[in-house]
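The primary structure of each chain is shown beneath.
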Amino acid sequence: MQKILKKAIRLEWITIIYMVFAVTIVGLVAGQSQAMRAAWVEDMLGFLPPIAFLIATRFTRRAANRKHPYGYHRAIGVGHLVSATALLLMGGLLLFNSAMGLISQEKPPIGITVLFGYDIWAGWLMVGAMLITGIIPVILGRMKLKLAEPLHDKVLRADADMQKADWMTAFATIIGVLGIGVGLWWMDGAVAILVSGSIIYDGMTNLKAAIEDLTDTYPMRFDDSDLHPLIEEAADTARAAVWVQDAAARGRDQGRIFHVEVFVVLRDGQAPTVRQLEELRDRIRQVHWKLYDIVVIPVPELPQHLVES
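Structure report, in brief.

Criteria and thresholds
- Residues numbered from 1 in each chain as written.
- Predicted model: local features only at pLDDT ≥ 70, side-chain atom pairs only at ≥ 80, totals over all residues.
- Heavy atoms only, no water.
- Helix = DSSP H or I, 4+ residues; strand = E, 2+ residues; numbered from the N terminus.
- Rg over C-alpha atoms; globule rule 2.2 N^0.38 Å.
- Buried < 20%, exposed > 50% of the residue type's maximum accessible area, 1.4 Å probe, protein only.
- Contact = heavy atoms within 4.5 Å.
- Areas by Shrake-Rupley, 256 points an atom, 1.4 Å probe, with all protein chains shown as cover.
- Lys, Arg positive; Asp, Glu negative; His and termini not counted.
- Charge placed at Lys NZ, Arg CZ, Asp CG, Glu CD.
- Core = buried A, V, L, I, M, F, W, Y, C linked by side-chain atoms within 4.5 Å.
- Pairing = 2+ DSSP bridges.
- Right-handed = clockwise from strand over helix to strand, strands pointing away.
- Phe/Tyr/Trp six-rings, centres within 6.5 Å; stacked < 30°, edge-to-face > 60°.
- Lys NZ or Arg CZ within 6 Å of the ring centre and 35° of its normal.

Moving on to the overall build of the protein. A count of helices and strands for the protein gives 10 helices and five strands. Taking 2.2 N^0.38 as the reference for a compact globule, 309 residues should give roughly 19 Å; the C-alpha atoms of the protein span a radius of gyration of 25 Å, well beyond that estimate. For the protein, the spread of C-alpha atoms along the three principal axes comes to 90 × 35 × 30 Å. Here the protein, with 309 residues, has 47% of them falling under the buried criterion. Counting only contacts in the protein whose residues sit at least 6 apart along the sequence, the fraction spanning at least 24 positions is 72%. Surface accessibility of the protein: about 15,900 Å² in total, with carbon and sulfur atoms responsible for 63%. In the protein, 30 positive and 31 negative side-chain charges are present, and the distance between their average locations comes to 7 Å.

Dropping the structure here:
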């Protein structure tokens, strides 16, 4: 896991360096185009997920203490929440500005610029900039997606979504700029609205997932596509113990790791020792590294809400 984490950290630093380049290039050629402005703001937002990931990773390395008895693992969830909230707010702002531009029939001018002594249409510079900044996010996004699942890191997953949105934005912006070039002035604002809609959707999806994780819903897979199977695997491991009649488990998503409470009903005449309870806890921990903080609790009967289908 540490090897994968180091790759993810290195990839996020590469992303930040690339984002500095992308924001500079897009900012220099944006002009009055609403689509280019939207792309520039989205590029600015692209700093949030990698920064949140790096800060959260540093916090999760801190040991548990009296004030934070569960450790600092939920810094991942906080970073996820911050990134999602920023995405949603900025997407809404972009949508408002773009819609007002269309309503007021604001026609963005794209003039002529001089480059190496030649007069060229500034729109070609915009198209070139978006082509350059649209290719790299495809590569970065795919690489991050491959690391997000084994790490169970939803901030990294959100960052991969942001990279996907970046290249989609780049090519949509090219359409908007070319639309202005052929006299379709409204296409620029329409593409900006499309871009803002994509940002809002990503923001709402990630905000919902972040809130659910922080309010202790059943742990989900890294992409929130289904319930995570490790919690039930922890219960199955407990049921395999000779002194256990039945077992059920519940878990909290702490970021990259799970806090799991395993309730066990003892067989008649069985009275496990502290050593046996520790051995069962260790066997559950060996199922997967994500099962990190485990508590085994003998009970007379299983909590009803854990056994209801």
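Next comes the rest of the write-up.
This part is about the nonpolar core. Of all hydrophobic cores here, the largest spans 23 residues; its most connected members are Ala-8, Phe-53 and Leu-156. Elements represented by at least two residues in this core include exactly α1 (2–29), α3 (48–60), α4 (75–103), α5 (122–151) and α6 (154–181). At nine residues, α1 tops the list of elements feeding residues into this core. With residues near it in sequence (within four places) discarded, Phe-53 still touches Leu-5, Ala-8, Ile-9, Glu-12, Asp-153, Val-155, Leu-156 and Arg-256.

Moving on to the pairing of strand β5 (residues 291–298). In this sheet, β5 lies alongside strand β4 (residues 258–266) in parallel orientation, the contact comprising seven bridges. Along β5, the bridge assignment pairs Val-260 with Ile-294. In this view, the connection linking β4 to its parallel neighbour β5 by way of helix α9 (residues 274–287) has right-handed handedness.

The next thing to look at is the packing of aromatic side chains. If you walk through the whole model with that rule in mind, you get one aromatic pair. Measuring from centroid to centroid gives 6.3 Å for Phe-59 and Tyr-72, while their planes differ by 40°, and the two rings are tilted. With Phe-59 in helix α3 and Tyr-72 in the loop between α3 and α4, this residue pair connects regions lying 13 residues apart in the sequence. Using a relative accessible area of 31% as the deciding quantity, one classes Phe-59 as partly exposed. Across the ring face of Tyr-72, the terminal group of Arg-62 is positioned such that the distance to the ring centre comes to 5.6 Å.

Another aspect to go through is unusual backbone geometry. Glycine aside, a negative phi is what most residues show, and trans is what most peptide bonds show. At His-152, a position not held by glycine, the phi torsion is positive, near 50°. You can see His-152 is positioned in the loop between α5 and α6. Positive phi values are uncommon outside glycine, yet Asp-216 reaches one of about 65°. Turning to its location among the elements, Asp-216 is positioned in the loop between α7 (186–214) and α8 (230–239). On the accessibility criterion, Asp-216 (35% relative accessible area) is partly exposed.

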